[in-house]
Amino acid sequence: MTVHEPQPKPVATTCPYCGVGCGVIAGAGGDGRVTIAGDPGHPANRGKLCVKGSTLGETLSLDDRLLHPMMRARSGALERVSWETALDAVAEGFRRAIDTAGPDATAFYLSGQLLTEDYYAANKLMKGFVGTANVDTNSRLCMASSVAGHRRAFGSDTVPGAYEDLDEADLLVLVGSNAAWCHPILWQRMVAAQRERGARIVVIDPRRTATAADADLVLQIQPGADTTLFAGLLVHLAEAGACDSLYLAAHTTGFDEALVRAREIAPTLAATAAATGLTPGDVATFFAWFTETARTVTLYSQGVNQSAQGTDKVSAILNCHLATGRIGRQGMGPFSLTGQPNAMGGREVGGLANMLAAHMGFSGTEVDRVRRFWGAPRMAEREGLKAVQMFDAVAAGTIRAMWVMGTNPAASMPRADAVRAALGGLDLLVVSDNVLSNDTIQSGAHILLPAAAWGEKDGTVTNSERRISRQRPFLPLPGEARPDWWIIAEVAKRLGFAEGFAWPNVASVFREHAALSSFENRGTRDFDIGGLACLSEAQYEDLAPVQWPVRNHTDRGLKRFFAAGGFYTADGRARLVAVAPPALKDLPDANRPFLLNTGRTRDQWHTMTRTGKAPTLGRHAPEPTLAIHPEDAAAAGLADGAMARVATAHGTAVLRLAIDPGQRRGEIFAPIHWTGETTAAARVGALVQAATDPFSGQPELKATAASLAPVPVATEGFVLARSRPAAEAGLLWTRVTVEGGEALLFAAPEAIDGPAFIRRLAGDGVTVTEVSDPARGLYRAAAFRGDALEAVCFLGPGARIAYPVVAGLFARDRLDATSRKALLAGRSPDGLPDPGPTVCACFSVGLNAVKEAIAAGAGDVDAVGKATRAGTNCGSCRSEIRRVLVEGARLVSA
Ligand SMILES: Nc1nc2c(c(=O)[nH]1)N[C@H]1C(S)=C(S)[C@@H](COP(=O)(O)OP(=O)(O)OC[C@H]3O[C@@H](n4cnc5c(=O)[nH]c(N)nc54)[C@H](O)[C@@H]3O)O[C@H]1N2
Ligand SMILES: Nc1nc2c(c(=O)[nH]1)N[C@H]1C(S)=C(S)[C@@H](COP(=O)(O)OP(=O)(O)OC[C@H]3O[C@@H](n4cnc5c(=O)[nH]c(N)nc54)[C@H](O)[C@@H]3O)O[C@H]1N2
Ligand code: SF4
Ligand SMILES: [Mo]
């Protein structure tokens, strides 16, 4: 393993994963490794980290890192070049496209994983200097409907509340959010409020998720029906006399129209129940709780945003909070959970194609204001193309040069196969990334630029509660990697814009961004951090986490918006919106009888370029699985663990079935994390339709009609090797990083020659120990060099069950005689049988151990923890343990 030199001093920084934005202390362990701990001083996490955060140290090796600029040679191969050559070529390629086809023939596609400073620089270059607003970001797939919903209601993209509201609420409603897995530390705060103060939790999701396991009420809603449910709630609030008529009169408009429309959509409780697939009793309970509980927070995420009617879903929720005046007050408000570490920062700088910068849009006044501030020679004067349109324009050839930074659209865009093919047709595709290879790079990138990664990067991010925190470097820049903002500035200089991009350091980028936020603001824009515009380098370095707005240098402390109105609309009033009745865009039919939902698993992050490197994180769900209701599986003749081909109008994938009674009938769920790099055939983005919301342009990623067919399998198995095992043709494989090497888990449509396989893996000069039972198709072999275990191959019955134990033994490189015997028997040396799927990744506790503890009398999560240690470290698996306790159900990894 290649690691950074020299070793770091302890540094306070911020987690690079989810929008909770936990503070991390990174330091040097005695063995030369990086130690990671939660920052007790950070208000988001107060010292805690979830399993992804606490395993960050496992992701820092330089293996697979892009360390030098590279360009595609005539031969088609990517070759190392100097920075000068690469930067000149980027500028030259963009200039050529601009000269021949105009600025709109170029585009940037950015990411909520960039730091605010990087994002600011990219946006400024395109919108102020190149002269196009073709700058969009993966936030279009993530937060765009929330942004549109906020702006429509509040006149600004404002999250009104703060995390403290979750501690102080009496009712927490989660809509389309699997927070137990996706916002774990915030979720732990909510569960603490439930445990300690009796706060009630309602979870609204078509699936019974790990989050649902802790809920007081679970509403397994029909996909897409959230607008109806919240329209029904508005009607109920009005009829129960629970609306705040003073607040409505003083601070809002549109209530009557919104209510009339809501009555059309959901006239009665019974109609609401019928249209949402819920029981009238459950709907009545939800409505009653919401009506009687002043301190209510409604949290929502991708089950709301990633919808062709996402903006209306957001509006339907905001309507209920505005109608009750429950906004911006202690313990109450609507709360959009942001996904990425800097989703919020990207919104601040105007990373979206329909935003300008500093929360300004494209009105004439705003364009002119930003022009003057930037001294911009060529301002974009209208909105640019949003992600789906942008990649359509790439396919159509109207965009000729594109620069992708910090995102992997060839995997994560809907219709990902079409996007991958379109990228391959560009005159110029530039990719700034941390890794040598991902699906986007493989789509035919011409120039690769090595960007600084987490631990090396220096700048700021903003979390879900508008809190700006520093990401500080604790590792030197490896190879020739450079910060993204620096790369952008160098290209800007080569395009002739030296003056606008002459920042000497990252602090100066931040100061400029802060200054723009307060420029001619005078209270007219929510986003104002003018109080940070004069930070010295040292003050920037030491900046403590701070919530915006920061209007002057003494303006600190907890911030909420709108308790007393003060909206950013022309008349200062909020708008309640008459929403459209919901309708899905791609309904199942006889040929495609299932509705495919997609989302996240607990221990992987997006396309796995970082989490895929951590052995601990590979244990929870080593393979991608397709969750399906038991009766649907039975009807399709598919058993648990069978391989199935999922096909939609846009693509196909092959996944392993995981029977899950938590699925609704007719609906299947697949994880988004696996790509062409990590699986043979599970690129789930390829399956997904690209219908978009009319207001936000956000695609419907949660509901695509799909068919399912069995894929015959001759044999199942896995191999383990010290270095990356080649993915053999024909296998349906998944790569997993394990301690001491890599595994390939696979199903094979045809029989496999085991002895040949292990010899190819282990090379020459090894001794192979084998057991085989040809009648049962069983073959197991281990290759040793001296007494060092080099490779393992398991084929046939029992292989999959043995995998966790064998991978555990593989972590030790030398095995004594007992362990060798145990290895091929697929048992741990102390004779323990199948541990089952990993529940607790921190202590490697399997489902079977959890079940045993429960059978032996452990009655709650803490008792299971006492017996097994599961859930006693980061707590990420506590909801799953509760699910086993409550439902006794078999655990599925999706
Ligand atoms: N472990 C992990 N955590 C992450 C990430 C990760 O990759 N891995 N990514 C981060 C990012 S960028 C994001 S955006 C967030 C996303 O966080 P979440 O939004 O919580 O995650 P998802 O799994 O995408 O979707 C949430 C839920 O929406 C449900 N859903 C689908 N359709 C509907 C519907 O019509 N109505 C309702 N009410 N629900 C529906 C799905 O069943 C799913 O359980 O997670 C962040 N945190
Ligand atoms: N079907 C379906 N599709 C989805 C979703 C879904 O729920 N369902 N969710 C959507 C959502 S919410 C999101 S946020 C996206 C996420 O999807 P992506 O953004 O495509 O996923 P990542 O794997 O996070 O890609 C980040 C890339 O940037 C690199 N990188 C990381 N940090 C940096 C950096 O600082 N600088 C540079 N230059 N590169 C860096 C990484 O190595 C990686 O290659 O997926 C979206 N797509
Ligand atoms: S909850 Fe986990 S992934 Fe999210 S910021 Fe905190 S430690 Fe990182
Ligand atoms: Mo996201």
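Residues numbered from 1 in each chain as written. Chains lettered and ligands numbered in written order. Predicted model: local features only at pLDDT ≥ 70, side-chain atom pairs only at ≥ 80, totals over all residues. Heavy atoms only, no water.

- As recorded in an unreviewed UniProt entry, the chain goes by Assimilatory nitrate reductase (NADH) alpha subunit apoprotein and comes from Phreatobacter oligotrophus.

1. A short note on the packing of aromatic side chains
Moving on, step 1. One pass over the full model with this rule turns up 29 aromatic pairs.
Moving on, step 2. Ring geometry for Phe94 versus Trp403: centroids 6.4 Å apart, planes at 55°, classification tilted. Here Trp403 lies in strand E14 (residues 401-405) and Phe94 lies in helix H2 (residues 83-101), a separation of 309 residues in the sequence. Trp403 shares its class with Phe94; the two are buried.
Moving on, step 3. By way of ring pairs, the aromatic residues Phe154, Phe527, Trp548, Phe561, Phe562, Phe567 and Tyr568 are connected into one cluster.
Moving on, step 4. Across from the ring centre of Phe669, 3.5 Å away, lies the NZ or CZ of Arg207, which sits over that ring.
Moving on, step 5. In this arrangement the basic side chain of Arg722 is found over the ring face of Phe810, its NZ or CZ atom lying 3.7 Å from the centre. (Phe/Tyr/Trp six-rings, centres within 6.5 Å; stacked < 30°, edge-to-face > 60°. Helix = DSSP H or I, 4+ residues; strand = E, 2+ residues; numbered from the N terminus. Buried < 20%, exposed > 50% of the residue type's maximum accessible area, 1.4 Å probe, protein only. Lys NZ or Arg CZ within 6 Å of the ring centre and 35° of its normal.)

2. Comments concerning the sheet that holds strand E1 (residues 11-14)
Moving on, step 1. Ordered in space as E1-E2-E3, the 3 strands form an open sheet in which the pairing is antiparallel. Because the sheet does not close on itself, it has two edges, and the strands there are E1 and strand E3 (34-38). Put simply, the sheet's adjacent strands are angled 35° from each other on average, direction ignored.
Moving on, step 2. In this sheet, strand E2 (residues 23-28) lies alongside E1 in antiparallel orientation, the contact comprising 4 bridges. If you follow Thr13 over to E2, its bridge partner there is Val24. (Pairing = 2+ DSSP bridges. Axes fitted to C-alpha atoms, helices over the stretch in contact; angles between N-to-C directions.)

3. Overview of the site of ligand 2
Moving on, step 1. The environment of ligand 2 is formed by 31 residues, the closest being Asn138, Ser412, Asp433, Lys457 and Thr607.
Moving on, step 2. Within the contact set of ligand 2, a nitrogen atom lies 3.0 Å away from a side-chain nitrogen or oxygen of Gln306.
Moving on, step 3. For ligand 2, the protein covers 98% of the area, taking 920 Å² as the surface of the free molecule.
Moving on, step 4. Here the residues of the shell around ligand 2 are counted per class, giving 10 nonpolar, 16 polar and 5 charged.
Moving on, step 5. Both of domain 2 (70-142 + 342-503) and domain 4 (594-710) provide at least three residues apiece to the shell around ligand 2. (Near = heavy atom within 4 Å. Polar contact = N/O pair within 3.5 Å; in protein donor to acceptor, adjacent residues only side chain to side chain. Areas by Shrake-Rupley, 256 points an atom, 1.4 Å probe, with all protein chains shown as cover. Nonpolar A, V, L, I, M, F, W, Y, C, P; charged D, E, K, R; others polar. Domains from an automatic or database assignment.)

4. Points about the pairing of E14
Moving on, step 1. Counted residue by residue, E14 has 5 buried out of 5 residues, so it is predominantly covered.
Moving on, step 2. In E14, alternate side chains face the same way, and those of Ala401, Trp403 and Met405 on one face and Met402 and Val404 on the other are all buried.
Moving on, step 3. Of the strand pairs in this sheet, strand E6 (residues 106-110) and E14 are connected by 4 bridges, and their pairing is parallel. Residue pairing in the sheet places Tyr109 in a bridge with Val404 of E14.
Moving on, step 4. Examined bridge by bridge, E14 and strand E15 (residues 428-433) share 5 bridges and lie parallel to one another. For Val404, the partnering residue across the bridge sits in E15 and is Val431.

5. Some details on the site of ligand 3
Moving on, step 1. The immediate surroundings of ligand 3 are formed by Cys15, Tyr17, Cys18, Gly21, Cys22, Leu49, Cys50, Lys52, Gly53, Pro184 and Ile185.
Moving on, step 2. Here the shell around ligand 3 is built from residues that sort into 8 nonpolar, 2 polar and 1 charged.

6. Brief notes about the packing of helix H3 (residues 116-130) against helix H23 (residues 506-518)
Moving on, step 1. At their nearest, the axes of H3 and H23 sit 9 Å apart, and the two run at 65° to each other. By the angle between their axes, H3 is roughly perpendicular relative to H23. Here the hand of the crossing between H3 and H23 comes out left-handed. Residues Thr116, Glu117, Tyr120 and Lys124 of H3 lie in contact with H23, whose contacting residues are Val506, Val509, Phe510, Glu512, His513 and Leu516. (Parallel < 35°, antiparallel > 145°, perpendicular 65-115°, else oblique. Left-handed = near helix turned anticlockwise from the far one by under 90°. Contact = heavy atoms within 4.5 Å.)

7. Describing the sheet that holds strand E10 (residues 217-219)
Moving on, step 1. Read from one edge to the other, the open sheet built from 5 strands follows the order E10-E9-E8-E12-E13, with strand pairing classed as parallel. The two strands at the open ends of the sheet, each matched to only one other strand, are E10 and strand E13 (333-336). For this sheet, the mean angle separating the axes of adjacent strands, direction not counted, is 15°.
Moving on, step 2. The sheet contact formed by strand E9 (residues 200-204) and E10 spans 3 bridges and is parallel. Each bridged residue has a counterpart across the sheet, and for Val203 the counterpart in E10 is Val218.

8. Here's the deal with the domain arrangement of the chain
Moving on, step 1. Assigned domains of the chain: these are domain 1 (11-59), domain 2 (70-142 + 342-503), domain 3 (144-336), domain 4 (594-710), domain 5 (715-825) and domain 6 (847-893).
Moving on, step 2. Across the boundary between the two partners, domain 1 contributes 17 residues, which contact 12 residues of domain 2.
Moving on, step 3. Where domain 1 abuts domain 2, roughly 1100 Å² becomes buried across the two surfaces, and 61% of that area is made up of carbon and sulfur atoms.
Moving on, step 4. If you look at where domain 1 meets domain 2, you find 0 salt bridges.
Moving on, step 5. For the interface between domain 1 and domain 2, the tally reads 7 residue pairs in polar contact (both at pLDDT 80 or more).
Moving on, step 6. Breaking the side of domain 1 that touches domain 2 down by element, the ones donating at least two residues are E1, E2 and E3.
Moving on, step 7. Of all the elements, E1 adds the most residues to the side of domain 1 that touches domain 2, at 4 residues.
Moving on, step 8. In terms of residue class, the side of domain 1 that touches domain 2 is made up of 12 nonpolar, 5 polar and no charged. (Buried area = accessible area lost by both parts, 1.4 Å probe. Salt bridge = Lys/Arg side-chain N within 4 Å of Asp/Glu carboxyl O.)

9. Here's the deal with the environment of Ile25
Moving on, step 1. As for its placement among the helices and strands, Ile25 is situated in strand E2.
Moving on, step 2. Residues in contact with Ile25, not counting those within four places in the same chain, are Pro10, Val11, Ala12, Thr35, Ile36, Ala37, Gly38 and Asp39.

10. Observations concerning the packing of helix H9 (residues 226-239) against helix H12 (residues 269-276)
Moving on, step 1. With their axes 9 Å apart at the nearest point, H9 and H12 run at an angle of 170° to one another. Viewed along their axes, H9 and H12 adopt a mutual orientation that is roughly antiparallel. Every residue of H12 that contacts H9 at Thr228, Leu229 and Gly232 is listed here: Thr272, Ala275 and Thr276.
Moving on, step 2. Residue classes in the contact of H9 with H12 are distributed as 2 nonpolar, 4 polar and no charged.

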